[in-house]
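Read off the chains here:
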Amino acid sequence: MSVTRRGFIKGAAVGVLACSGAKAGTTKHFPGYPGRTGLLHDTTLCVGCRSCEQACNQVNELDPLMPPAGDHTVFSTERAVTENLYTVVNRYQEKQGNQPAVFRKHQCMHCNEPCCASVCFVKAFEKTPEGPVLYKPELCVGCRYCVFACPYYALAYEYDDPLTPKVVRCTMCYPRIKKGLQPACADICPTGAILFGKRVDLIKIARERMRKFPHRYIDHIFGEHEYGGTSWLTLAGVSFKKLGIPDGLTHEPLPNLTTGFLSLAPLVAAIFPGLLAGIYAFTKRKEKLSETERRTLSAGERTEVKSSSHKHGNVEGGKEDTP
Amino acid sequence: MGVKHSSWVILAAGLAGWFAPACGSEENVSSLRVLDASVVLLELPSGMGRAERPAVEFKHGLHTKALEHLGCKTCHVVGDKQIVRAELNWPEVPKDSRDWMDAYHAFCLGCHQEKTEALLAEAPIDCGLCHIKRGAGLSGRAPMRMSASLHARHIKAEKDRCESCHHFYDEKSKKLMTQPGTESNCSHCHHKDHRQGRDIISNGKQLSYREAAHLGCVNCHIRRSNEGKESGPWLCDGCHDRDEQTKFATLDPVPRLQRDQPDLIWLDASTSKISPVPFDHKSHETFTAACSDCHHNTLEACSTCHPTRGDKRGEGITLEQAYHQVRSRMSCVGCHNEQLEKRVCAGCHGMLSREPGRDACKICHPLADDSGKMQDDLKKILAPPAWPALPNPSDDFPDKIGIDKISDQYAAADFPHRRIVLALDRIVRENKLAMRFHLDNETMCAGCHHHNPKEARFLACSACHSEKSHPVKDLPNLTQAYHRQCIGCHQRMDHPAQECEDCHKIKSKEVSP
């Protein structure tokens, strides 16, 4: 069977379309699970009491909070989440007269389109319809791609555990949400700086606060759109850059930047053996053909040479043979 | 020429405006040197290409001191009536970059070479001694501000002769004229951006603000000093050194500036349907730092540039907007709103919405109907409002309130209700603006008792805030409401009680899981 030029181009076009993945294949947009929950952290109301850290440690059965809540010495350095501290409150601006200090709580943001899930090749992360991004330690192989893929540096790893190390992070208190309770941090917050609710309601509340108190807020809800949006939303009275959040982040979900390329991987796995085998067979056949041709040709030549030498043998052949 | 709000740099070297204060050059900032207030940077005029060598940091103060006995004419053009001009005394004005370099070299080096031995032992001649590549310098120079007090001192010294400084340019006679009652800010005519009026002296155009200020201020100070009168500084440091500026004598109280302005006035837009605003102009003069806080750089009425339909002169801002723009510091509403950021006001107002209430208009526009007898009532309307005395403690006005309903890990807190009300009452009584806008005790109480129905008895916090928060309504629970209200107010008023144990004792440190 021979491959015509037209046939080859057709096949290639179908292949390319298939490679471009699901994105090009749909005209629909999935805005996220309806009714999913989220949390709003209003940094203008946060007083840095660290009750949320304490409640988090208790609910997640971690070691007791050290130094205990109310100890302000911890604010001298910016802390990151650890395997023993799923959420941290950091101070980004000190008190100046009647300008109160500015704090921000940091933890897993529970992205709408999580990077940790997109890089995980064993599907150990799952975005639940309720909002939280869940982690399944039984599937995890410990590659820690997720830890490095997280744009918010919100994942920690149990490096100290030699046998069953896990990736650890805020679970958004998924078990509590399932029971109809609020996440522990929102429950304990003495000023209501952390508000739990449906994400759509929280965005409405945040907008209303910004409208009513324009003097208190920067006109932006961090997490509404950044990297495709997050479950945790943040309101601020000072620029987000001062709060350790990079500004001007793209609204494009980060996984979109890699899925187009990574979706080719299975395709490569599926097509390449056949393709390579085909190319191999083709070259083999070519070699075989050319070999046969060569043989036929050389046999013919020989006959031809023979006959011609026979013809002119007396003149040239005799000369050749003669030393 | 105007002295008001002018910048008093002694900048008598180089053709005026051809140099910039030696701060913020493109060099790295890590090695910041603090420069003398009198340092001016001598560089090529912009658009003349790159100079071969780094610009010269010219120490004007040092030269003035060394050449004091020879006078300003050593370097500067001294015109009629001994007026020292900013231009240098060079034979002809240089044209291209080569010309400039030669002119400076001839000018500076000529003097340095001639006088090195006799007068200025340290006057450098070698290239590298003047053209030194240095990191950016932090200038010790501060802009000169003509405060109300300083202006009053000038009025006193000039014996109320405004024309000593204030003038205007008459197009017909091509001369500077004076007209009492039309005085305005220097920057009304003299451009603030000195680059826009750089070679104005040679072009005969209007002087830049900087040139005008130096020409006027410095010469007047020199003249008065020569005449043996009390005079201001005429060296760079005298006006521009940060430390020197703090030493200026101030008048207390600052006498009122007289420019035929009214004491009380009706702000009335003839086309407006709402009643005019009785305005206490005299009081507002004391509330503001300068006339320009409201009047920009002229002293004309708002409606001159902001007519009811807007005008090019007022950037299209209508009269209504000029009075009400929330985000402008120059509008009535904008400035009043800004007062709410003050420590004493921010306690309540930081938490209250800035949306105008239903009765907000009435406070400034008090007359419901436009009666013809407005003028007679002005004084009465603007009289300080009667502020009723606080009632005695009762069930409706408790002395102390125990906050114990939600006591859990912390012991009950004693809320000193009456003490707080008394403190707020005192703050309001001390502030005319607060007296005018709070109308009565109840308005003040609404700082905490927000959303309380009008004319109803004040409700306790727990009337709306229950044990559970209502996220959809953005209604915090009782614990959150207390903490938000109390801590927020203490923070904004810089009250010392901001930690847990300042208000209630801890029962146990454990939080129930």
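Residues numbered from 1 in each chain as written. Chains lettered and ligands numbered in written order. Predicted model: local features only at pLDDT ≥ 70, side-chain atom pairs only at ≥ 80, totals over all residues.

K.L.:
What exactly am I supposed to notice about the overall build of chain A here?
P.N.:
Of the regular secondary structure elements, chain A holds ten helices and nine strands. Burial statistics for chain A: of 323 residues in total, 32% are counted as buried. Within chain A, residue pairs in contact and separated by at least 24 positions form 59% of the contacts whose partners lie at least 6 positions apart. (Helix = DSSP H or I, 4+ residues; strand = E, 2+ residues; numbered from the N terminus. Buried ≥ 20, exposed ≤ 12 C-beta atoms within 10 Å, placed from the backbone. Contact = placed C-beta atoms within 7 Å.)

K.L.:
Teacher, can you tell me more about the overall build of chain B here?
P.N.:
A count of helices and strands for chain B gives 21 helices and twelve strands. For chain B, with 513 residues in total, the buried portion stands at 24%. Put simply, 54% of the contacts in chain B that link residues at least 6 apart link residues at least 24 apart.

K.L.:
I tried to follow the confidence of the model for chain B on my own but got confused; where do I start?
P.N.:
Low-pLDDT portions of the prediction should not be read for the details of their coordinates. All names here are of chain B. The predicted model of chain B has a mean per-residue pLDDT of 81, with 87% of residues at 70 or higher. Per-residue pLDDT stays below 50 along residues 509–513; that stretch engages in eight contacts with residues further than four places along the chain or on separate chains. Under the prediction, the complex receives an ipTM of 0.74, its pTM being 0.74. (pLDDT = per-residue confidence, 0-100.)

K.L.:
It is not clear to me how the nonpolar core should be interpreted in this structure. Could you clarify?
P.N.:
It is characteristic of soluble globular proteins that their nonpolar side chains tend to be buried jointly. With 65 residues, the main nonpolar core has Leu40, Cys52, Cys116, Cys146, Cys185, Ile194 and Leu195 of chain A as its most contacted residues. In terms of nonpolar packing, the next biggest core, distinct from the first, is built from 18 residues, Leu88, Cys186, Tyr209 and Cys236 of chain B among them. (Core = buried A, V, L, I, M, F, W, Y, C linked by C-beta atoms within 7 Å.)

K.L.:
Would you explain the environment of Tyr169 of chain B in this entry?
P.N.:
All names here are of chain B. In this fold, Tyr169 is placed in strand S7 (residues 168–170). The sequence separation of Tyr169 and Phe248 amounts to 79 residues, and the corresponding C-alpha distance is 32 Å. Not counting the four nearest positions on each side in its chain, Tyr169 is found in contact with Leu176 and Cys189.

K.L.:
When you look at unusual backbone geometry in this model, what are you seeing that I'm missing?
P.N.:
For residues that are not glycine, phi is negative in most cases, and the peptide bond is trans in most cases. The omega torsion across Met66 of chain A and Pro67 of chain A is -15°, close enough to zero to call that bond cis. Residue position: Pro67 of chain A is located in the loop between helix H3 (51–59) and strand S2 (88–93). Note that the residue after Asp252 of chain B, namely Pro253 of chain B, is joined by a cis bond; omega there is 0°. Counting through the fold element by element, Pro253 of chain B comes out in the loop between helix H8 (242–246) and strand S9 (264–267). The backbone of His110 of chain A sits at a positive phi, close to 50°, despite the residue not being glycine. Mapped onto the elements, His110 of chain A comes out in the loop between strand S3 (102–106) and helix H4 (115–119).

K.L.:
When you look at the interface of chain A and chain B in this model, what are you seeing that I'm missing?
P.N.:
Many descriptions give the size of an interface as the accessible area lost when the pieces come together. The interface of chain A with chain B comprises 25 residues on the first partner and 23 residues on the second. Residue assignment for the side of chain A that touches chain B shows that the elements contributing at least two residues are H3, strand S8 (194–198) and helix H8 (199–212) of chain A. When its residues are assigned to classes, the side of chain A that touches chain B shows 13 nonpolar, nine polar and three charged. (Nonpolar A, V, L, I, M, F, W, Y, C, P; charged D, E, K, R; others polar.)

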